[in-house]
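The chain contents come next:
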Amino acid sequence: MEYDVFIKFCMFRNITILLCFGLTCLSASPDPELKKIEKALQTVPPVKSQKVPQILVYSKASGFAHKSIPTGVKALRALAQKTGAFNPTFSQSVEDFSVENLKEFDGLIFNNCTRVEKAFVTQKQRSALLNFIRKGNGFVGFHGASDAGMPKWQEYTNMIGGCFDGHPWNAGGTWPFRVEDPGHALCKSFSAKTFRFSDEIYQYKGYDRKNLRVLISLDANKSGKSGKSPTQDYPVSWVKSYGKGRVFYSNFGHNKATWWTPFLLEHFLAGIRWSVGELDGLYDSLPQPPRL
Ligand SMILES: [Zn+2]
């Protein structure tokens, strides 16, 4: 082989090898978000259920579309796979909420699906959803799931417990929280009665503490900001009943990092299990705690 042909051959071969190596790396490299989620789940133990609950997870935003929606899907899928606590079916379609189709499920998760009143437009669709919960099934809402209802679908707000009314506490800030009910089954993963965390925190309209049990709240007095509540009452995670059904809502979930935070994934898991009756836990109202 002549020298210049030999050099060209070597260059071609090296480029080919580099290309192959690059493609192999790309196909083998795991999703970095999933890696973080899996790491966070290392300490979450498997769960024994009598009968694995079937959960329909709805993730279509009809208002603001959070970038953390796909992260939530990955986290919920990984949480289910790691623990065996529930069997999720992921949906982007309101058509899945027919009376007939809902018979296949024990509970629902609304994953950051804002302004659902724009998706559930007919009375038939709305009744199918609300009656499913009233009959004794579970409902779990994360973050933007409360950015919905009022004024066009008041009953959805009544069901979930409050309607987004702005977020004086922005996603980039780190905010002080209180665990109001440390002994509750959904609060076992919080190691102290107070903690600080970075996420976008809402204030609510259509919220009345008497209608639900606040588990986690924002300590507005220590946050350096105040919102619209005359009593500075800013619930963050709560449980409530709706007919014979159980509702768990958590404001956490705007930031992607929420979905790979171990104590929150455990809080979410407990909430999902509680909503379908796999965990016991009171849901009657507690008074607002005094200022510390
Ligand atoms: Zn948000």
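Because the structure is a prediction, the values reported are computed rather than measured. (Residues numbered from 1 in each chain as written. Predicted model: local features only at pLDDT ≥ 70, side-chain atom pairs only at ≥ 80, totals over all residues. Heavy atoms only, no water.)

Enquirer: Help me understand unusual backbone geometry, please; the structure alone is not making it clear to me.
Expert: Glycine aside, the phi torsion of most residues is negative, and most peptide linkages are trans. Geometrically, the link from M150 to P151 is a cis peptide bond, its omega value of 0° lying close to zero. Relative to the assigned elements, P151 resides in the loop between β4 (138-142) and α6 (154-160). Within the chain, N112 stands out as a residue other than glycine whose phi angle is a positive 60°. Secondary-structure assignment places N112 in the loop between β3 (107-111) and α5 (123-134). You will see that R115, though not glycine, has its phi angle at about 50°, which is positive. Locating R115 in the fold gives a position in the loop between β3 and α5. (Helix = DSSP H or I, 4+ residues; strand = E, 2+ residues; numbered from the N terminus.)

Enquirer: Is there a simple way to explain the coordination of the zinc ion in this structure?
Expert: In an ideal tetrahedron of four donors about a metal, each angle is 109.5 degrees. In an ideal octahedron of six donors, the angles are 90 or 180 degrees. Surrounding the zinc ion are the protein donor atoms H66 (NE2), H143 (NE2), E200 (OE) and H254 (ND1), at 2.1 Å. Bound by 4 donor atoms, the zinc ion shows angles of 91 to 159° at the metal and therefore irregular coordination geometry. Spacing between the donor residues of the zinc ion along the chain follows H-x76-H-x56-E-x53-H. One end of the pair, H143, is in the loop between β4 and α6; the other, H254, is in the loop between β11 (245-250) and α8 (262-275), with 111 residues separating them in the sequence. (Donors = N, O, S within 2.8 Å, 3.2 Å for Na, K, Ca; no water. Tetrahedral: all angles 85-135°; square planar, octahedral: opposite > 155°, others 65-115°.)

Enquirer: Can you help me understand the packing of helix α2 (residues 32-40) against helix α3 (residues 69-83) in this one?
Expert: Two packed helices can be described by the angle between their axes and the distance between those axes. Packing of α2 against α3 brings their axes to within 10 Å, and their N-to-C directions diverge by 40°. Classified by the angle their axes make, α2 and α3 are oblique. Between α2 and α3 the crossing geometry is right-handed. Of the residues in α3, those touching α2 at E33, L34 and I37 are T71, K74, A75 and A78. Looking at the contact of α2 with α3 residue by residue, the class counts come to 4 nonpolar, 1 polar and 2 charged. (Axes fitted to C-alpha atoms, helices over the stretch in contact; angles between N-to-C directions. Parallel < 35°, antiparallel > 145°, perpendicular 65-115°, else oblique. Left-handed = near helix turned anticlockwise from the far one by under 90°. Contact = heavy atoms within 4.5 Å. Nonpolar A, V, L, I, M, F, W, Y, C, P; charged D, E, K, R; others polar.)

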